[in-house]
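Residue-level structure breakdown
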Amino acid sequence: IAFQIPMRLWQKYSLYPFLLGMALLTIVLVPGIGNEVNGSRRWLSLFIVNLQPSEFMKLFVVIYVANYTIRRAAYLDSFRKGFAPILVVMMVLGFLLLREPDLGAFVIIAVIVTAVLFLGGMNLKLFAGTIGLALAGLLALIWLEPYRWRRFTGFMDPWDDPYGKGYQLSHALIAFGRGGWQGVGIGGSVEKLYYLPEAHTDFLLAVIAEELGFIGVVAVVILFTWLVIRAFVIGRQAATRERYFPALVAQGIGVWLGVQAFINMGVNMGVLPTKGLTLPLMSFGGSSIVANCIALAVLLRVDWENRQLMKGYTI
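Cut-offs applied
- Residues numbered from 1 in each chain as written.
- Predicted model: local features only at pLDDT ≥ 70, side-chain atom pairs only at ≥ 80, totals over all residues.
- Heavy atoms only, no water.
- Helix = DSSP H or I, 4+ residues; strand = E, 2+ residues; numbered from the N terminus.
- Salt bridge = Lys/Arg side-chain N within 4 Å of Asp/Glu carboxyl O.
- Buried < 20%, exposed > 50% of the residue type's maximum accessible area, 1.4 Å probe, protein only.
- Pairing = 2+ DSSP bridges.

**Digging into the environment of T26**
- Among the secondary structure elements, T26 is positioned in helix 2 (residues 15-27).
- Between the C-alpha atom of T26 and that of L205, which follows or precedes it by 179 residues, the distance is 32 Å.

In structure tokens, the structure reads:
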């Protein structure tokens, strides 16, 4: 269905999915409506499935900010007219996400917004200032919440407390170690047998490393790298035909999937603090998989429209 929607309609109605996402993020915070799991209220019960609005919000933000960048292209050098309005919107969105709390989704969305604005022509000094402000804000958010601070410090030396704050990461590293070069074979993982928490979602790469080894992990990295490169190539092809909205959407999707995969892999390997982000297109999770597939459908739509224009057809 998403593939059948022309990009001009995504651009024309870009505000409505974004407002829908904001409404869902608000509703999920209402006690009795939003489902709370492990201390986080991120899900809406739809009887047979649970919906996680923050996953779909990533796509909605890509589309909304791409359109915002096109509309405000003449003001992207100005903080007051170009950056301040979207900053206010993102602060409201950030407030809703942090109330769940879902710092991981907020980080991904912040990266998407910054990247799309930069790709759309944001002033370099303003971009650098935004990066600095974002890093300072991120560190403040980590420092102000004790459980986030424990996660942040725990990844530096998981063996210091392997049965406490370092439990998850230490078992992920054990899985990587057991895998070696070629792995123990598909289905042969020991860590996924309830030793490694969230082995089917956040720490899926550790299981892949254990079963398929270094070769399997490299294959996954190559596939994600190829996906991101293709997204940027598709965006570039659209931009050369002065189709700037589809170009920014394609590249925004590439940034989203690439950065989220990078963070997830970094967490699994112990080079980044533990964060509840799935591995796109691979980790178990209905909302995440559906949102990723819709994003790929939109990306394929951009590519299809590019190819139609190359052939001389109208779209």
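**Digging into the pattern of salt bridges**
- Counted according to the given criterion, the structure contains seven salt bridges.
- Note that K192 and E211 form a salt bridge whose closest N and O atoms lie 2.9 Å from each other. Taken together, the positions of K192 in the loop between helix 8 (167-179) and helix 9 (204-240) and E211 in helix 9 put the pair 19 residues apart, joining distant regions of the chain.
- Accessibility expressed as a relative area gives 10% for E211, which makes it buried.
- Residue R307 is joined to D303 by a salt bridge in which the shortest nitrogen-to-oxygen separation is 2.9 Å. Of the two residues, R307 and D303 are both situated in helix 11 (residues 286-310); the distance of four residues between them amounts to about one turn of the helix.

**Here we look at the sheet that holds strand 2 (residues 40-45)**
- The strand order 1-2-3 describes an open sheet built from three strands, whose pairing is antiparallel. A single partner strand is all that each edge strand has here, and the edge strands are strand 1 (34-37) and strand 3 (50-51).
- As judged from the two bridges shared by strand 2 and strand 3, these two strands associate in the antiparallel manner. Note on strand 3: the bridge partner recorded for L44 is L51.

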